[in-house]
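# Architecture at a glance
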Amino acid sequence: MPSNCKEIREELIECMLKSKCVLIQRNTVKECFKKEHEADVPSECQSIRKSFAECRRGMIDPRMRFRGNKTQ
């Protein structure tokens, strides 16, 4: 995984571990990404998750493989 995706992934994990869903409700990070827990995840974590998905998609997209992933 390119370093920029790795950094976003680590940032996402760190954000989720600080969320109400994980800390107070004792759910796993995977469970917190499900629809029923969506309200317990801060919008910051949701935007980081979207950035991570776009980064991963950029690794597969043939056009992006030549240009490289966009950095934030």
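The structure under discussion appears in the preceding block.
Along each chain, residue indices are assigned from 1 in the same order as the chain's sequence is written. The predicted origin of the model limits local features to residues at a pLDDT of at least 70 and limits the giving and counting of side-chain atom pairs to 80 or more, whereas totals for whole chains, interfaces and linings rest on all residues. Only hydrogens and water are set aside when side-chain values are computed; all heavy atoms of the structure are taken into account.

Further remarks concern the overall build of the chain. Going along the chain from the N terminus, every DSSP run of H or I of four or more residues is numbered as a helix, and every run of E of two or more is numbered as a strand. Each helix and strand counted, the chain has 5 helices and 0 strands in total. Reading the helices (α) and strands (β) of the chain from amino to carboxyl end gives α-α-α-α-α. Each residue's exposure class comes from its accessible area (1.4 Å probe, protein chains only) as a fraction of the maximum for that residue type: buried when under 20%, exposed when over 50%, partly exposed otherwise. Put simply, the chain has 72 residues, and 28% of those count as buried. Considering only contacts within the chain whose residues lie at least 6 apart along the sequence, 48% involve residues at least 24 apart. Using a 1.4 Å probe, accessible areas were evaluated by the Shrake-Rupley method; residue-level cover was limited to the displayed protein chains. For the chain, the exposed area adds up to about 5600 Å²; of that, 51% sits on carbon and sulfur atoms. Here a residue-residue contact requires only that any non-hydrogen atoms of the pair lie within 4.5 Å.

To continue, consider the nonpolar core. We define the nonpolar core as a collection of buried residues of types Ala, Val, Leu, Ile, Met, Phe, Trp, Tyr and Cys that are connected through side-chain atoms lying within 4.5 Å of one another. Within the largest apolar cluster, 13 residues are counted, with the highest numbers of intra-cluster contacts made by Ile8, Leu12, Met16, Cys32, Val41, Cys45 and Ile48. At the level of elements, helix 1 (3-17), helix 2 (20-23) and helix 4 (43-60) are the ones that each hand at least two residues to this core. In terms of residue count, the dominant contributor to this core is helix 1 (5 residues).

Our next topic: the pattern of salt bridges. In the sections that follow, a salt bridge refers to a side-chain nitrogen of Lys or Arg positioned within 4 Å of a carboxyl oxygen of Asp or Glu. Following the criterion strictly, the structure yields 3 salt bridges and no others. Where Glu14 meets Lys18, a salt bridge forms, and the shortest distance between an N and an O atom there is 3.4 Å. Owing to a relative accessible area of 58%, Lys18 belongs among the exposed residues under this scheme. The partner of Asp40 in a salt bridge is Lys20, with the nearest N and O atoms 4.0 Å apart. With Asp40 in the loop between helix 3 (29-32) and helix 4 and Lys20 in helix 2, this residue pair connects regions lying 20 residues apart in the sequence. You can call Lys20 partly exposed: its relative accessible area is 45%.

Working definition: a disulfide is two cysteine sulfur atoms within 2.5 Å of each other. In the structure shown here, the tally under the stated rule is 3 disulfides. The residue that forms a disulfide with Cys5 is Cys55, at a sulfur-sulfur distance of 1.7 Å. Here the disulfide of Cys5 and Cys55 is left-handed, its torsion about the S-S bond being about -100°. Placement of the pair is Cys5 in helix 1 and Cys55 in helix 4, with a sequence separation of 50 residues. Here Cys5 matches Cys55 in class, with each residue buried. Disulfide partner of Cys15: Cys45, at an S-S distance of 1.9 Å.

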